[in-house]
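Okay, here's what each chain looks like letter by letter:
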Amino acid sequence: RRPPRSTPLYSSAASDVYKRQLVDWSAKDKVAVCLSHSLYLWDAKTGSSDQLLTHDKDNAWNVLTAVAWAPQGTDVAIGCADRSIEIWDAEAMRRKAAFGLNSHEGRISALAWNSREPNLLTSGGHDARLLHHDLRACEKPLAALSAHTQEVCGLRWSPEGTQLASGGNDNCLCIWDMGSTRPRFVRQNYHQAAVKALAWCPWKSHLLATGGGTADKSVKFWDSLTGECLKSCQTESQVCSMLFNPMEKELITSHGFMENCINVWGYPNMEVVAELKGHKSRVLCMAMSPDGTTVVSGSADETLRFWRVNSKPKTPLKEAKEFRVGKLEIR
């Protein structure tokens, strides 16, 4: 593996909250980063940065808590602590839609778009509910899904858009079939801590990976059709997020207490093939570049770092020139 190539991002507003989704990478090669009350976009091709939105910084409820790019890479969804969700057109730099405060009864913890239905966005909240939203009808949610008993902190649609995985602070994993308001199955206490890290395998249908928090530290693999736990292994560290490598049979995990690193595991033997170190605090979130070669990681140490996980990029990630935008500084 090559040494990590990193782009430090400094902000006094960087968050060390485990149950947030603060970084995502679009199909059009832009990284969205939530920094307290503001959302910034960093263009991986040019190294330029823009502030897409900012909320009233005197209002603690205006803090951004989740971000997710729509599959086509133009629209971005932003969730807030005040229970609201906004949809922005990142190219036109304008807000397209907003879902009212009457949807969730607590902060938005997770967002996930459906790849098959481009107008379908699912949100998970502190109120333990999942809500389906239609961008064409913002007045009320399409459906409300209830199975968790505590905050929903992990949410991922399968690549085919046919199944939804949700993880909660109740140590619970749920799998939902498209169109159903009842879970296909619920797996309680297989993990002994919050289930925030979720990843669907891009090269094996119905294979789901999940990771547990500080009291658990395990990675588990599931058959999403049968609900069978296929494999479990210990990582010896809090699992904060995970991604499958689309070009190799590998799983990439980011960790908090105690290692604060990123591990690349071979699948299915689950042997560590690379350990990526550089962050000085827990690595809370990750996202994959659209060409599948580079991972961006966000940490409580107030940096973003870019890691080349595959050696032959389709579109090389250019080094960013030094620039400043408000509190944002990238070198």
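Residues numbered from 1 in each chain as written. Predicted model: local features only at pLDDT ≥ 70, side-chain atom pairs only at ≥ 80, totals over all residues. Heavy atoms only, no water.

**A word on the pattern of salt bridges**
Should the charged atoms of two oppositely charged side chains come close, the side chains can pair. Going through the model one piece at a time under the given rule, you end up with 8 salt bridges. The partner of Glu 275 in a salt bridge is Lys 277, and the shortest N-O contact between them spans 3.6 Å. Relative accessible area serves as the criterion here: at 43%, Glu 275 is assigned to the partly exposed category. (Salt bridge = Lys/Arg side-chain N within 4 Å of Asp/Glu carboxyl O. Buried < 20%, exposed > 50% of the residue type's maximum accessible area, 1.4 Å probe, protein only.)

**Things to note about the packing of aromatic side chains**
A ring pair, where both rings are aromatic, is described by two values, the distance of the centres and the angle of the planes. Under the counting rule described, the total for this entry stands at 7 aromatic pairs. Seen from their ring centres, Trp 25 and Phe 306 are 5.6 Å apart, and the 85 degrees between their planes marks the pair as edge-to-face. A residue pair is termed long-range when its members are at least 10 positions apart, and Trp 25 in strand S3 (residues 23-25) and Phe 306 in strand S29 (residues 304-308) qualify at 281 residues. Under the relative-accessibility criterion, Trp 25 is labelled buried at 7%. Measuring from ring centre to ring centre gives 5.0 Å for Phe 221 and Tyr 267, while their planes differ by 55 degrees; the resulting arrangement is tilted. In this pair, Phe 221 is assigned in strand S21 (residues 218-223) and Tyr 267 in the loop between strand S25 (262-266) and strand S26 (272-276), connecting sequence segments 46 residues apart. Pair check on accessibility: Phe 221 and Tyr 267 agree, each one buried. (Phe/Tyr/Trp six-rings, centres within 6.5 Å; stacked < 30°, edge-to-face > 60°. Helix = DSSP H or I, 4+ residues; strand = E, 2+ residues; numbered from the N terminus.)

**Here's the deal with the pairing of strand S11 (residues 108-113)**
Taken residue by residue, a regular strand's side chains alternate between the two faces of the sheet. The element S11 is largely enclosed, with a buried count of 6 among its 6 residues. Between S11 and the antiparallel strand that follows it, strand S12 (residues 120-125), lie 6 residues. (Pairing = 2+ DSSP bridges.)

**Some words on the side chain of Ser 109**
Summarising the element assignment, Ser 109 is placed in strand S11. At 3.5 Å, the side chain of Ser 109 forms a polar contact with the backbone oxygen of Val 152. When neighbours within four sequence positions are excluded, Ser 109 is seen to be in contact with Lys 19, Arg 20, Gln 21, Thr 65, Ala 66, Gly 124, Gly 125, His 126, Glu 151, Val 152 and Cys 153. (Polar contact = N/O pair within 3.5 Å; in protein donor to acceptor, adjacent residues only side chain to side chain. Contact = heavy atoms within 4.5 Å.)

**So, the nonpolar core**
Within soluble globular proteins, side chains that are nonpolar generally end up buried alongside one another. Within the largest apolar cluster, 34 residues are counted, with the highest numbers of intra-cluster contacts made by Val 23, Leu 39, Val 76 and Ile 78. Of all the elements in the fold, those that place two or more residues in this core are S3, strand S4 (30-35), strand S5 (38-43), strand S6 (49-54), strand S7 (64-69), strand S8 (75-80), strand S27 (283-288) and S29. The element best represented in this core is S4, accounting for 5 residues. If near-sequence neighbours (up to four positions away) are discounted, Val 76 is found in contact with Ala 32, Leu 39, Leu 52, Val 67, Ala 68, Trp 69, Glu 86, Ile 87 and Trp 88. Core analysis: the second largest hydrophobic core is formed by 15 residues, Ala 199, Val 219, Leu 251 and Trp 265 among them. (Core = buried A, V, L, I, M, F, W, Y, C linked by side-chain atoms within 4.5 Å.)

**Some words on the pairing of S21**
By the criterion of burial, S21 is predominantly enclosed, with 5 of the 6 residues buried. Here 5 bridges tie strand S20 (residues 207-212) to S21, and the two strands are oriented antiparallel to one another. Bridge pairing in S21 links Leu 208 to Trp 222. For S21 and strand S22 (residues 229-234), the ladder comprises 5 bridges, and the chain directions are antiparallel.

**A word on the sheet that holds S4**
Consider a sheet: its strands pair through backbone hydrogen bonds, and that pairing is either parallel or antiparallel. Across the sheet, which stays open at both edges, the 4 strands sit in the order S3-S4-S5-S6 with antiparallel pairing between neighbours. The sheet terminates laterally at S3 and S6, the two strands that pair on one side only. Neighbour-to-neighbour, the strand axes of the sheet open up by a mean angle of 20 degrees, direction not taken into account. (Axes fitted to C-alpha atoms, helices over the stretch in contact; angles between N-to-C directions.)

**Let's talk about the sheet that holds S7**
In spatial order, the strands read S7-S8-S9-S10; together these 4 strands make up an open sheet with antiparallel pairing. The two strands at the open ends of the sheet, each matched to only one other strand, are S7 and strand S10 (94-99). Put simply, the sheet's adjacent strands are angled 20 degrees from each other on average, direction ignored. Bridge count between strand S9 (residues 85-89) and S10: 5 bridges; the pairing is antiparallel. For Ile 85, the partnering residue across the bridge sits in S10 and is Phe 99.

**Observations concerning the layout of surface pockets**
The gaps left among the atoms become clear once a water-sized probe is rolled over them. Taken as a whole, the largest pocket holds about 1200 Å³ of empty space. Asp 24, Trp 25, Arg 156, Leu 243 and Met 288 are, among the 46 residues lining the largest pocket, the residues nearest its centre. Every element with two or more residues in the lining of the largest pocket is listed here: S3, S7, S11, strand S15 (152-157), strand S19 (195-200), strand S23 (239-245) and S27. Looking at the lining of the largest pocket residue by residue, the classes come out as 31 nonpolar, 9 polar and 6 charged. (1 Å grid on protein atoms, 1.4 Å probe; cavity = no way out; pocket = protein on both sides within 12 Å on 5 of 7 lines; lining within 4 Å. Points joined across faces, edges and corners; volume = space filled by probe spheres on them. Nonpolar A, V, L, I, M, F, W, Y, C, P; charged D, E, K, R; others polar.)

**Notes on the confidence of the model for the chain**
Do not read the predicted coordinates in detail wherever pLDDT is low. When pLDDT is averaged along the chain, the result is 89, and 89% of the positions lie at 70 or above. Note on residues 314-331: pLDDT under 50 across the span, and 54 contacts to partners over four residues away in sequence or across chains. (pLDDT = per-residue confidence, 0-100.)

**A short note on the state of the cysteines**
Under the counting rule described, the total for this entry stands at 0 disulfides. The structure places no disulfide on Cys 80, whose sulfur is separated from the nearest cysteine sulfur, that of Cys 34, by 8.2 Å. (Disulfide = S-S within 2.5 Å.)

**Focus on the environment of Trp 157**
Position of Trp 157 among the secondary structure elements: in strand S15. Remark: the alpha-carbon pair of Trp 157 and Ala 199, spanning 42 residues in sequence, is separated by 9.1 Å. Among all residues touching Trp 157, those that are not within four sequence positions of it are Ala 112, Trp 113, Asn 114, Leu 120, Thr 122, His 132, Thr 162, Gln 163, Leu 164, Met 178 and Trp 200. At 3.1 Å, the side chain of Trp 157 and the side chain of Thr 122 are in polar contact.

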